[in-house]
Amino acid sequence: MADKLLIVMVNTDPSSPSELGAPFFQATVAAAMEYEVEVVMTGRAGELAKKGVAENLYVQEGSPKSVYEFMKDAHEAGVVFKVCTPTLDLWGDDLIPEIDETVGGAYVISQAMDDDTVTFTY
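Residues numbered from 1 in each chain as written. Predicted model: local features only at pLDDT ≥ 70, side-chain atom pairs only at ≥ 80, totals over all residues. Heavy atoms only, no water.

Participant: Even after reading the chapter, I still don't get the packing of helix H1 (residues 21-32) against helix H2 (residues 67-77), so can you show me in this structure?
Facilitator: Helix packing geometry: the angle between the two helix axes and the distance between the axes. It is the contact of H1 with H2, at a shortest axis distance of 8 Å, that shows an interaxial angle of 20°. By the angle between their directions, the pair H1 and H2 is classed as roughly parallel. In this structure, H1 crosses over H2, and the sense of that crossing is left-handed. Where H1 abuts H2, its residues Phe 24, Thr 28 and Ala 31 lie against Val 67, Phe 70, Met 71, Asp 73, Ala 74 and Ala 77. (Axes fitted to C-alpha atoms, helices over the stretch in contact; angles between N-to-C directions. Helix = DSSP H or I, 4+ residues; strand = E, 2+ residues; numbered from the N terminus. Parallel < 35°, antiparallel > 145°, perpendicular 65-115°, else oblique. Left-handed = near helix turned anticlockwise from the far one by under 90°. Contact = heavy atoms within 4.5 Å.)

Below, the structure written as structure tokens:
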């Protein structure tokens, strides 16, 4: 059985915040279950790594908790956040402190192909 969950956020669009709850919630739950969990943000979803973006998004209108707060909860539970290098070209390098590392495409592919890893994409 795999012991690592890799969540790749590439198709999730920050302009549709209702899509953002599931990946962070599932990451938090998996970390609480003591799985190794990484969330890699790239493409349009990589904008969430930029300071000031996730802080102003809410999964549901009227919610007191921002998307950034969901991300902080996940990080506190042990989720490791990574951003792909091309994302920095798109959105800049003023990143939230929860970003643990910048990685390239080869890293994502090698992790996704690992037998001990299950990969979810959003």
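Participant: What is the right way to look at H2 in this model?
Facilitator: Owing to its 3.6 residues per turn, the α-helix brings residues three or four apart onto one side. When H2 is considered as a whole, its buried residues turn out to be Val 67, Tyr 68, Met 71 and Ala 74. Each buried residue of H2 sits inside an arc of 115° when the element is viewed along its axis, so together they form one side. Looking at the buried residues of H2, the elements they touch are H1, strand E2 (36-41) and strand E3 (80-84). Of the residues trailing H2, Gly 78 is marked for its positive phi of about 115°. (Buried < 20%, exposed > 50% of the residue type's maximum accessible area, 1.4 Å probe, protein only. Arc of directions from axis to C-beta.)

Participant: Looking at this model, I keep getting lost on the environment of Gly 62. Mind explaining?
Facilitator: Locating Gly 62 in the fold gives a position in the loop between E2 and H2. The exposure class assigned to Gly 62 is exposed, which follows from its relative accessible area of 73%. For Gly 62 and Ala 49, which are 13 residues apart along the polypeptide, the C-alpha to C-alpha distance reads 23 Å.

Participant: Explanation requested: the side chain of Thr 87 in the structure shown.
Facilitator: By the secondary structure assignment, Thr 87 is in helix H3 (residues 85-91). Contact partners of Thr 87, with chain neighbours within four places excluded, come to Met 41, Thr 42, Gly 43, Gly 46 and Gly 92.

Participant: Help me out: how do you make sense of the sheet that holds strand E5 (residues 117-121) in this one?
Facilitator: Sheets are built from strands paired through backbone hydrogen bonds, the pairs being either parallel or antiparallel. Reading across from one edge, E4-E3-E2-E1-E5 is the order of the five strands in this open sheet, with parallel pairing throughout. Of all strands in the sheet, those bounded by a partner on one side alone are strand E4 (99-103) and E5. Recorded for the sheet is a direction-independent mean angle of 25° between the axes of neighbouring strands. Bridge count between E3 and E4: four bridges; the pairing is parallel. (Pairing = 2+ DSSP bridges.)

Participant: Just to check I follow, could you spell out the packing of aromatic side chains for this structure?
Facilitator: Each aromatic ring pair is summarised here by two numbers: the centre-to-centre distance and the angle between the ring planes. Evaluation of the coordinates by the stated rule reveals one aromatic pair. Both rings, one in Phe 24 and one in Phe 81, keep their centres 6.0 Å apart while their planes meet at 50°; by these two values the pair is tilted. Of this pair, Phe 24 sits in helix H1 while Phe 81 is found in strand E3, placing the two residues 57 residues apart along the sequence. Relative accessible area serves as the criterion here: at 1%, Phe 24 is assigned to the buried category. (Phe/Tyr/Trp six-rings, centres within 6.5 Å; stacked < 30°, edge-to-face > 60°.)

Participant: Help me out: how do you make sense of the pattern of salt bridges in this one?
Facilitator: For side chains of opposite charge, pairing can occur when their charged atoms come near one another. Evaluation of the coordinates by the stated rule reveals eight salt bridges. As a salt-bridge pair, Glu 38 and Lys 4 come within 3.2 Å of each other at their nearest N and O atoms. Of the two residues, Glu 38 is situated in strand E2 and Lys 4 in strand E1 (residues 4-9); the sequence distance between them amounts to 34 residues. The exposure class of Glu 38 is buried, given its relative accessible area of 5%. The closest approach of N and O atoms between Glu 101 and Lys 82, which form a salt bridge, is 3.1 Å. Placement of Glu 101 in strand E4 and of Lys 82 in strand E3 is noted, with a sequence separation of 19 residues between them. The network of salt bridges with common partners includes Lys 4, Glu 36, Glu 38, Lys 82 and Glu 101. (Salt bridge = Lys/Arg side-chain N within 4 Å of Asp/Glu carboxyl O.)

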